[in-house]
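As a plain string of letters, each chain reads:
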Amino acid sequence: MSSEEAQMREAVRALAGALETMLNLIRADALPTTPEARTLMRKAMAFLDASTGRIVGSERSEEILSVATAVNKLIDSVREQILDDAVAASPVPDHPNM
């Protein structure tokens, strides 16, 4: 396998990982409920929408990999914000008295 082919596979894996994370959030009904999480999700969706042409039209794996990595980071930020919000909204304290 060539270096170019390995980079392309890595880019596809990064995109698949980001999309899988989004799908898992939807399946778990872990939708953004706070303004911060909603802003991050809008940013991630807008970036993915704006980058679709670059992903599909590019034959250079470096460009696809950079876009895939950026999408992955945005989606991870959304997931972390949603989880942080869920913990903050939880009625159970993090460290109940023993």
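None of the values given here were measured: they were computed from a predicted structure.

**Section: the confidence of the model for the protein**
Argument step 1. Of the residues in the protein, 94% reach a pLDDT of 70 or more, and the chain-wide mean stands at 81.
Argument step 2. Predicted confidence in the protein is weakest over helix H1 (residues 3-27), with a mean pLDDT of 81, and strongest over helix H2 (residues 35-57), with 85.

**Examining H2**
Argument step 1. Here H2 is 23 residues long and its end C-alpha atoms lie 34 Å apart, about the 33 Å a rise of 1.5 Å per residue gives.
Argument step 2. Along H2, the sharpest kink reaches roughly 45 degrees, centred on Ser-51.

**Let's talk about the packing of H1 against helix H3 (residues 61-89)**
Argument step 1. Packing of H1 against H3 brings their axes to within 8 Å, and their N-to-C directions diverge by 25 degrees. On the basis of the axis angle, H1 is roughly parallel to H3. Here H1 and H3 pass one another in a crossing that is left-handed. Only Ser-61, Glu-62, Ile-64, Leu-65, Ala-68, Val-71, Asn-72, Ile-75, Asp-76, Val-78, Arg-79 and Ile-82 of H3 make contact with H1, whose side of the interface consists of Glu-4, Gln-7, Met-8, Glu-10, Ala-11, Ala-14, Leu-15, Gly-17, Ala-18, Thr-21, Met-22 and Leu-25.
Argument step 2. Class assignment for the residues of the contact of H1 with H3 results in 14 nonpolar, five polar and five charged.

Rules of the game
- All residue numbers refer to positions counted from 1 along the written sequence of the respective chain.
- Only residues with pLDDT of at least 70 are given local features in this predicted model, and only at 80 or more are side-chain atom pairs given and counted; all residues enter the totals for whole chains, interfaces and linings.
- Side-chain numbers come from the whole structure's heavy atoms, not from hydrogens or water.
- For every residue, the predictor states its confidence as a pLDDT score lying anywhere from 0 to 100.
- Strands are runs of DSSP state E lasting at least 2 residues, helices are runs of H or I lasting at least 4, and numbering of each runs from the N terminus.
- Helix span, as expected, comes to 1.5 Å for every residue beyond the first.
- We define the bend at each residue as the angle formed by axes fitted to the 7 residues ending at it and the 7 residues starting at it.
- Only C-alpha atoms enter the line fits that serve as axes; for helices the fit covers just the stretch in contact. Angles between N-to-C directions range over 0 to 180 degrees.
- Relative orientations are named as follows: roughly parallel for angles under 35 degrees, roughly antiparallel for angles over 145 degrees, roughly perpendicular for angles from 65 to 115 degrees, and oblique for any other angle.
- Definitions for this section: a left-handed crossing has its near helix turned counterclockwise from the far helix by less than a right angle. A right-handed crossing has that turn clockwise.
- By the convention used here, residues are in contact when the closest approach between their heavy atoms is within 4.5 Å.
- Only Asp, Glu, Lys and Arg are considered charged, only Ala, Val, Leu, Ile, Met, Phe, Trp, Tyr, Cys and Pro nonpolar, and every remaining residue, Gly among them, polar.

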